[in-house]
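Structure at a glance
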Amino acid sequence: MDLAAGYQPADWPEDFVATELSLVTVLMDRRADAPPMTLNGHGMLHIGTSPPVDVTGPPAAMLAWLSGRSDGSGLDPASAALPSIPPLG
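Now for a description of the structure that goes with this document. Everything numeric here is computed off the predicted structure, so don't read it as measured data.

Our focus in this paragraph is the layout of surface pockets. Quantified by volume, the largest pocket comes out at close to 300 Å³. Lining the largest pocket are 17 residues, and of these Val17, Ala18, Leu21, His42 and Pro59 lie nearest its centre. Counting residues per element, the ones that place at least two in the lining of the largest pocket are α1 (14–29), β2 (44–47) and α2 (59–66). Of all the elements, α1 adds the most residues to the lining of the largest pocket, at five residues. Per-class residue counts for the lining of the largest pocket are twelve nonpolar, four polar and one charged.

Right, dumping it as structure tokens:
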């Protein structure tokens, strides 16, 4: 939750999520320590090359997870668990 105000990633505007998810995906793709993933939401985004982990869920949940603002609740990895991702900072 942001500032304990009850405003959660699901409340983020769609245009904000689309823009930021695209930017965060590019940042993660440039990092050698980011695991390869295919993100399936309202489109498909790729991080790294192979073998990717397929992650499905709402774009806002993906953005929150990739940016370190959630533990990935609401996302469905095709494998047993979501991969560990490095902090953006």
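Looking at the secondary structure, you find Thr38 in strand β1 (residues 37–40). Overall, the relative accessible area of 6% leaves Thr38 in the buried class. A polar atom in the side chain of Thr38 sits 3.4 Å from the side chain of His46. Setting aside anything within four residues of it in sequence, one finds Thr38 in contact with Met44, Leu45, His46, Pro52, Val53, Asp54 and Val55.

Glancing now at the pattern of salt bridges. All told, the structure shown has one salt bridge when counted by the stated rule. Where Arg31 meets Asp33, a salt bridge forms, and the shortest distance between an N and an O atom there is 2.8 Å. Taking the relative accessible area as the measure of exposure, Arg31 reaches 26% and is therefore partly exposed. The exposure class assigned to Asp33 is partly exposed, which follows from its relative accessible area of 46%.

By the definition in use, this model includes one aromatic pair. With a centroid separation of 5.6 Å and an interplanar angle of 80°, the aromatic rings of Trp12 and Phe16 are classed as edge-to-face. Trp12 gets classed as buried once you look at its relative accessible area, which sits at 10%.

What counts and how
- Residues numbered from 1 in each chain as written.
- Predicted model: local features only at pLDDT ≥ 70, side-chain atom pairs only at ≥ 80, totals over all residues.
- Heavy atoms only, no water.
- 1 Å grid on protein atoms, 1.4 Å probe; cavity = no way out; pocket = protein on both sides within 12 Å on 5 of 7 lines; lining within 4 Å.
- Points joined across faces, edges and corners; volume = space filled by probe spheres on them.
- Helix = DSSP H or I, 4+ residues; strand = E, 2+ residues; numbered from the N terminus.
- Nonpolar A, V, L, I, M, F, W, Y, C, P; charged D, E, K, R; others polar.
- Buried < 20%, exposed > 50% of the residue type's maximum accessible area, 1.4 Å probe, protein only.
- Polar contact = N/O pair within 3.5 Å; in protein donor to acceptor, adjacent residues only side chain to side chain.
- Contact = heavy atoms within 4.5 Å.
- Salt bridge = Lys/Arg side-chain N within 4 Å of Asp/Glu carboxyl O.
- Phe/Tyr/Trp six-rings, centres within 6.5 Å; stacked < 30°, edge-to-face > 60°.

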